[in-house]
Amino acid sequence: MLGWRLAISALLIPAFIALCWIDHRLGGAAPVLFVLTLLLGLRCSWEMVGLLRPRFSEVRFTPCAVCIVALLLSAWAPHWVSAGETSQSALGAIGVAFSLCVLLLMAIEAVRFRQPGHRMETLAAHLLTIVYPGLLLAVTAQLRWVAGAERGYLVLASLVIATKMGDTAAYTFGRLFGKRKMAPTLSPGKTWAGFAGALFGSGLGTWAWLHFASPWLADDAPPAWFWTVGFGVIVGFVGLIGDLCESLIKRDMGQKDAAPLMPGFGGLLDLLDSILFAGPVAYVLWLCLPLAG
């Protein structure tokens, strides 16, 4: 299984890097990233519907997909209309789109009402499905512009590296030193040694990325080490919480994986859980900390 995961990673990572390079060359409108994010959002919402349907039998993918498309269009529209628009202005568009999605879902349940029971549960399931893969993904995508379009992939990569280096270090430390379980009921494989490893790996990986990549990708001086390490530790910690929260959904639904996407990887939600959860926090940190020149 480990060999299979390494082989798939060896194919997916270069392909993802190539897409990022093409998107960067196409400018601040980020059309390739939009298509990729749209596909990710739709797939994740489909997995969420599959997870929730055994208990909430009337939850449907179609209204969730419509809302996911609306949220991601609102995340990109300000950047398409005006190249000078900032990520903060796009957040307003996302907020308006989300409000309209709530109204749409409520109206659908009002039309479907026949007798008391299940309508509010179905509405809650639909809202969770558009908030988790949709709203969080739309806000996370604003990292593409938060420090300027020319630094977009420097910033996005800082999130991916912080969370995935944390995941890798947590697994390694847990296998080598893990004895005390951190959340045995919710996620039996996680240990306190893995928790410490996640913070160490996130901090170290983020420092290395921003120290060496800032002059290369953005022609910036490297940020101070304590800001990059602090950013990585915070994002790694939030990503670990995000992993636990996705485990909460799966365990409560009686499932091991979100969906059988690929052997050894589970579903797409299993791959993106920490990134989705930590993305908005990373956005706030890039606004507040002196990480960009």
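First things first, this report covers the structure right here in the doc. Here the structure is a predicted model, which means the values were calculated and not measured.

### A few points about the packing of aromatic side chains
Evaluated as defined, the whole model comprises 11 aromatic pairs. These aromatic residues form a ring-pair network of at least three members: Phe-34, Trp-76, Trp-80 and Trp-145.

### Quick notes on the pairing of strand β2 (residues 187-191)
Two elements, strand β1 (residues 181-183) and β2, share two bridges in a ladder whose sense is antiparallel. Looking across to β2, one finds that Ala-183 is bridged to Ser-187. Count of turn residues in the β1/β2 antiparallel hairpin: three residues.

### Describing the pattern of salt bridges
Applying the stated rule across the entire model yields 13 salt bridges. For Asp-252, the salt bridge goes to Arg-55, with nearest N and O atoms at 2.9 Å. Of this pair, Asp-252 sits in helix α8 (residues 225-252) while Arg-55 sits in the loop between α2 (31-52) and α3 (61-81), placing them 197 residues apart in sequence. On the basis of relative accessibility, which here comes to 43%, the residue Asp-252 falls in the partly exposed class. A relative accessible area of 47% places Arg-55 in the partly exposed class. In this structure, a network of salt bridges that share partners links the residues Glu-58, Glu-109, Arg-112 and Arg-119.

### Describing the packing of α2 against helix α9 (residues 268-288)
Axes are the key here: two packed helices are described by the angle between their axes and the distance separating the axes. Direction vectors running N to C along α2 and α9 enclose 110°, while the axes themselves pass 10 Å from each other. As far as their axial angle goes, α9 and α2 are roughly perpendicular. For the pair α2 and α9, the crossing hand works out as left-handed. Between α2 and α9, the contacting residues are Leu-40, Arg-43, Cys-44, Glu-47, Met-48 and Leu-51 on the first element and Leu-268, Leu-269 and Leu-272 on the second. In the contact of α2 with α9, the residues fall into seven nonpolar, no polar and two charged.

### Side note on the nonpolar core
Note that soluble globular proteins tend to have their nonpolar side chains buried in a common cluster. Formed by 62 residues in total, the largest nonpolar core has its most connected members in Trp-76, Leu-143, Phe-231, Val-235, Leu-269 and Trp-286. Within the residue set of this core, elements represented by two or more residues are α2, α3, α4 (87-112), α5 (119-141), α6 (152-177), α7 (192-218), α8 and α9. Examining the composition of this core, we find that 10 residues originate from one element, α9, more than from any other. Residues contacting Leu-143, with those up to four places away along its chain left out, are Gly-152, Val-155, Leu-156, Leu-159, Gly-279, Ala-282, Tyr-283 and Trp-286.

The rules behind the values
Residues numbered from 1 in each chain as written. Predicted model: local features only at pLDDT ≥ 70, side-chain atom pairs only at ≥ 80, totals over all residues. Heavy atoms only, no water. Phe/Tyr/Trp six-rings, centres within 6.5 Å; stacked < 30°, edge-to-face > 60°. Pairing = 2+ DSSP bridges. Helix = DSSP H or I, 4+ residues; strand = E, 2+ residues; numbered from the N terminus. Salt bridge = Lys/Arg side-chain N within 4 Å of Asp/Glu carboxyl O. Buried < 20%, exposed > 50% of the residue type's maximum accessible area, 1.4 Å probe, protein only. Axes fitted to C-alpha atoms, helices over the stretch in contact; angles between N-to-C directions. Parallel < 35°, antiparallel > 145°, perpendicular 65-115°, else oblique. Left-handed = near helix turned anticlockwise from the far one by under 90°. Contact = heavy atoms within 4.5 Å. Nonpolar A, V, L, I, M, F, W, Y, C, P; charged D, E, K, R; others polar. Core = buried A, V, L, I, M, F, W, Y, C linked by side-chain atoms within 4.5 Å.

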